[in-house]
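Observations on chain architecture
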Amino acid sequence: MIVNPLATHRMLREDIVGVTDGLHGAEFHRKDGFKIHAVALGDASAGIRSDRLVEVRKALAL
């Protein structure tokens, strides 16, 4: 399970089917078609760097 630092949002790893670079961080794509935005993963103005996106995908085995 993935939990944000404030424990206000939770995602099961098996529900995540993809991660892409978003405007203010990463977008986690879920099996049900919804996206969850994570702004803390990247630079606030330009999305996340490609090397950080690779790390996130590797950690999630995507």
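**Here's the deal with the nonpolar core**
If you look at the biggest cluster of nonpolar residues, it comprises nine residues: Met 11, Ile 16, Val 19, Ala 26, Phe 28, Ala 38, Leu 53, Val 56 and Leu 60. Listed by contribution, the elements that provide at least two residues to this core are strand 3 (16–22), strand 4 (25–30) and helix 1 (50–59). Among residues more than four places away in sequence, those in contact with Leu 60 are Ile 2, Arg 13, Ile 16, Val 19 and Phe 28.

**Quick word on the side chain of Glu 27**
If you trace the backbone, Glu 27 turns up in strand 4. When residues no more than four places from it in sequence are discounted, the contact partners of Glu 27 are Gly 18, Val 19, Thr 20, Gly 22, Lys 35, Ile 36 and His 37.

**Section: the environment of Val 39**
Tracing the chain through its elements places Val 39 in the loop between strand 5 (35–38) and helix 1. In sequence terms Val 39 and Ala 26 are 13 residues apart; their C-alpha atoms lie 6.5 Å from each other. Residue contacts for Val 39: discarding those within four places in its chain leaves His 24 and Gly 25.

**Things to note about the pattern of salt bridges**
Pairs can form between side chains of opposite charge once their charged atoms are near each other. Enumeration according to the criterion identifies two salt bridges in this entry. Of the charged contacts, one joins Lys 35 and Glu 27 as a salt bridge, the two residues approaching to 3.9 Å between their closest N and O atoms. A relative accessible area of 47% places Lys 35 in the partly exposed class. Where Asp 32 meets Arg 30, a salt bridge forms, and the shortest distance between an N and an O atom there is 2.4 Å.

**Quick notes on the pairing of strand 3**
Of the strand pairs in this sheet, strand 3 and strand 4 are connected by six bridges, and their pairing is antiparallel. Looking at strand 4, one finds that Gly 18 is bridged to His 29. Hairpin connection between strand 3 and strand 4: a loop of two residues separates the two successive antiparallel strands.

**So, the confidence of the model for the protein chain**
Considering every residue of the protein chain, the mean pLDDT works out to 79; 84% of them sit at 70 or more. Looking across the protein chain, the model is least confident in strand 1 (residues 2–3), with a mean pLDDT of 76, and most confident in strand 3, with 87.

Cut-offs and rules
Within any chain, residue numbers begin from 1 and follow the written order of that chain's sequence. Totals for whole chains, interfaces and linings use all residues, but because this is a predicted model, local features are given only for residues with pLDDT of at least 70 and pairs of side-chain atoms are given and counted only at 80 or more. Side-chain numbers come from the whole structure's heavy atoms, not from hydrogens or water. For this analysis, a nonpolar core means a set of buried residues of the types Ala, Val, Leu, Ile, Met, Phe, Trp, Tyr and Cys, connected via side-chain atoms within 4.5 Å. Buried, partly exposed and exposed residues are distinguished by accessible area as a fraction of the type maximum, computed with a 1.4 Å probe on protein chains only: under 20%, between the cut-offs, and over 50%, respectively. By definition, any uninterrupted DSSP run of H or I lasting at least four residues is a helix, any uninterrupted run of E lasting at least two residues is a strand, and each is numbered from the N terminus. Contact definition: two residues touch when any of their heavy atoms are within 4.5 Å. Criterion for a salt bridge: a side-chain nitrogen of Lys or Arg within 4 Å of a carboxyl oxygen of Asp or Glu. When DSSP finds two or more bridges between a pair of strands, those strands are recorded as paired. Values of pLDDT, the confidence the predictor places in each residue, fall between 0 and 100.

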